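# Architecture at a glance
Given next are the chains, with one letter for each unit.
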Amino acid sequence: MNRNTELDLRSMTSESASLMNSAEEENMEAASELSSPTSPSRDSGLFERGVKTMLSIRKSKRSPNKEKGKEGTGTWKGKLPSLRFPRIHEENKTTICNGVEVIGEKIEAEPIQGKPLSVMEINELVQKRQLLEAFASIKYLEDETIAERDAGKYKDNPQEFVRKSKDVDLLYNSITNTIQSIVMGTLEHPTVENTMLSSLVTLIAREEAAHPNTGDAIGPGSDLLGTPRNWREVWRKAIEESAEKRVLRLPMASKEEQSSWLDLHLDFLQKHLSEDLLKIKLSVKKCYPEEYRVCDTYVEAFHKAIASHLQDVSQRQLEFKELYTLLNWVANTYRSELFLGHPDLKPEIKTENLSLLLTPADWDKLKNNYITSAKGKIKSYFGNILRLEVTEKWEKEVHPEVKENLYHSSLAFDIQTIIGEYMSISGKISRSLETKMLDLCLAELHEFIPRFGEEFVAWSSAQHSPIFAPYFVAYINSFHDLTSGLETVFKVNTEELQKTLAPLTRNFTNIFLNKLRTKAQPLLKKILTRDWIFTMEKPDLLVSTVSQFSEHLQHMREPMGQELLRDVHKYVVREYITQVIKPRRKMNREMRQQVREKMNQEARIINNMLMDQGSDSGWLRPAIHHIANIIGEQKIDRIKDYVKELCQDYPDIRKEHILAVLALRGLGRTRRQTVFRQGYHVLESPDGGEDSTLFAEIDAPVIISCF
């Protein structure tokens, strides 16, 4: 019973206080006689106590002695020994619920013979849920009171009219509460009380026929006699309250108790409400006429309850997994065949006209929180990639795999897997969320690449590991695979990424070449020293040192592998010549012959090795041989020919370079000038362009002639 009802009872009790004082003994006796077990409903119990008090007052007033009090059981019982309830026309009768009749638009009740019931007796009918009988009696009381009011019976006693009106209103409210109780209990029991629901439909129809809605507003202070009770709306709101109650009572573990608390809760919700909806379709729907739209009404009620509940859940501090669970459930589970769209619920359970489960503002907030939370997850995953590279590969010196003759690192694959996975799950929710996730992944990738580069540079600088060159090649290959994969698989414009990778690639390349120089330079400096000239060992040490670096370049993806191998080839030839043409002591004939043979031997081995590894810089092959031939040649004419060949093959050679070679041969200043003038031919520009320059990159030594 609502607060207004309680106030009416208190008002009614207050008005009759004097009567209670004058007839205390009869009052107590009546209260004792009318006592009965309390109703399961708190509201109906309160109503019953109010009715008891009212009846006690009424008896004290109307029956001053005990004998008169026993003659009647209620207000009207002594006045009218019998009555006939009014006939209400009945049409459009529909038979449902295993033969139980449900009344349509107009109802006709058979005339009922009997005495009018007291308020307490009517209330007992309500408590026993004999609602049709109770309604007929209340309606009689209502009609009688209206007739008496219209006849002016209460002009001299308005309080009596107020009390009678309140009697009617309280009894109608009692039926209202009972309707709410019946509807809310429909899904609570294993089986549906078909007869009760059918009786409820008849009751609502009879009330609507008895109180047609004229649309007239009830003014302040007016009584409610003859006004519609809107029990169909009460029925609808009771369904909403029932749905809300059933949603909120589903178990929900705390995050501390169960890490997958939200998944479990939504599974419970999905399972139990699916059972409710199936019960509504199979058992509840048939107890109502079509006009009630029972399935639609229940679905809308559950939809509203779930929406309110999920709105509360979304306000919690949710982690990434929980945010995804909620977004995915709303987007992909709620209306799917897993829940509302299940084949067993069709066609009665429809979802086409349902509103959004979450408001656009709440939905956008969830998606934004999801992206924000994903940022930390992706950063962590990228960090794990780097950590595994360090601990499982670099520190353990595990050689990279070779696939299709290329060094392979899982770096590009791991990065694309993370991006692909997050895009995939986000795309299941919405296309816009998938796009936002891709943008986030790319932003984190742009931050990760330099961090990865710094870590690799720091590791390679701290030690001279034999796996540096293989991993340098593998990572260059991975950078290519990464940009290619993002372009082809994810349709990404990689221009910005390439700008990030370019300096990193140059840095790695410089480290590679510096390590090569560091290893090779001490060996190159030994060229033309006495130890170098007179040793009988083959030049394996220089070749093997260079090969420690160059051999890995054949496993680098083109064109960079070829370009870098050219640089290595040029570097070795250039540095070899730089060491050879430095000013030295004059060599005798025998020594010059030994130098010639050894230089030719080393030149062949070095060039063959690099060419075998894939170098296409064959134009570098004759450079050292030309110089070796000049050093070891005895005849001046042949020297002139070798100088001419040297100039033809390497147009960028300068006068200082040739004079330095002739000085190494042991020719005096005058003869050097003569040979130079006759053998040196300058071309305007090298045929091969910038990549074919050699001597232009070699500093010519200063030749000092002593007189």
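Keep in mind the model is a prediction, meaning the values are calculated, not measured. Counting of residues starts from 1 at the beginning of each chain's written sequence and follows it residue by residue. pLDDT decides what is reported in this predicted model: residues at 70 or higher carry local features, side-chain atom pairs at 80 or more are listed and counted, and totals for whole chains, interfaces and linings draw on all residues regardless. Only hydrogens and water are set aside; all other atoms, that is, all heavy atoms of the structure, feed into the side-chain values.

## Digging into the packing of aromatic side chains
Centre distance within 6.5 Å is the pairing criterion for rings of Phe, Tyr and Trp, where only the six-membered ring of Trp is used; planes under 30 degrees apart are then read as stacked, over 60 as edge-to-face, and the remainder as tilted. Taken as a whole and judged by the stated rule, the model has 32 aromatic pairs. Taken together, a centroid distance of 6.0 Å and an interplanar angle of 40 degrees make the contact between F448 and F452 tilted. Placement of the pair is F448 and F452 together in helix 16 (residues 431-462), with a separation of 4 residues, close to one helical turn. The burial state of F448 is the same as that of F452; both residues are buried. Two conditions define a charge located above a ring, namely a distance within 6 Å from the ring centre to NZ of Lys or CZ of Arg, and an angle within 35 degrees of the ring normal. Its guanidinium or amino end placed over the ring of Y292, R232 lies 4.4 Å from that ring's centre, counting from NZ or CZ. Note that K515 overlies the ring of F468, its terminal NZ or CZ placed 5.2 Å from the centroid. The helix and strand labels rest on DSSP assignments: H or I over at least four residues marks a helix, E over at least two residues marks a strand, and numbering proceeds from the N terminus. When accessible area is computed with a 1.4 Å probe and restricted to protein chains, residues below 20% of their type maximum are described as buried, those above 50% as exposed, and intermediate ones as partly exposed.

## Section: the side chain of S617
Its place among the elements puts S617 in the loop between helix 22 (589-612) and helix 23 (621-632). Assessed through its relative accessible area of 4%, S617 is described here as buried. Apart from the residues within four sequence positions on either side, S617 is in contact with R566, H569 and M611. Between two residues, a contact is recorded if the distance between any of their heavy atoms is within 4.5 Å.

## Brief notes about the environment of K304
Positionally, K304 belongs in helix 12 (residues 294-314). Along the backbone, K304 and L358 are 54 residues apart, and their C-alpha atoms lie at a distance of 9.9 Å.

## Overview of the environment of I146
With respect to the helices, strands and loops of the structure, I146 is situated in helix 7 (residues 131-150). When its relative accessible area of 18% is taken as the criterion, I146 is described as buried. Counting along the chain gives 80 residues from I146 to G226, while the straight-line C-alpha distance between them is 7.9 Å. Once residues within four sequence positions are removed from consideration, I146 is found in contact with L225 and G226.

## A short note on the pattern of salt bridges
For salt bridges, the criterion is a side-chain nitrogen of Lys or Arg within 4 Å of an Asp or Glu carboxyl oxygen. Under the counting rule described, the total for this entry stands at 41 salt bridges. For R229, the salt bridge goes to D169, with nearest N and O atoms at 2.7 Å. With a gap of 60 residues between them, R229 in the loop between helix 9 (194-210) and helix 10 (231-248) and D169 in helix 8 (residues 158-185) connect regions that are remote in the sequence. Both residues of the pair, R229 and D169, belong to the buried class.

## Examining the confidence of the model for the chain
Confidence scores per residue from the predictor, reported as pLDDT, run from 0 to 100. Confidence in the prediction of the chain, expressed as mean pLDDT, is 83, and 80% of residues score 70 or more. Note on residues 1-113: pLDDT is under 50 here. Beyond four places in sequence and across chains, it has 172 contacts. Segment residues 685-689: pLDDT under 50, and 3 contacts once partners within four positions in sequence are set aside and those in other chains are kept.

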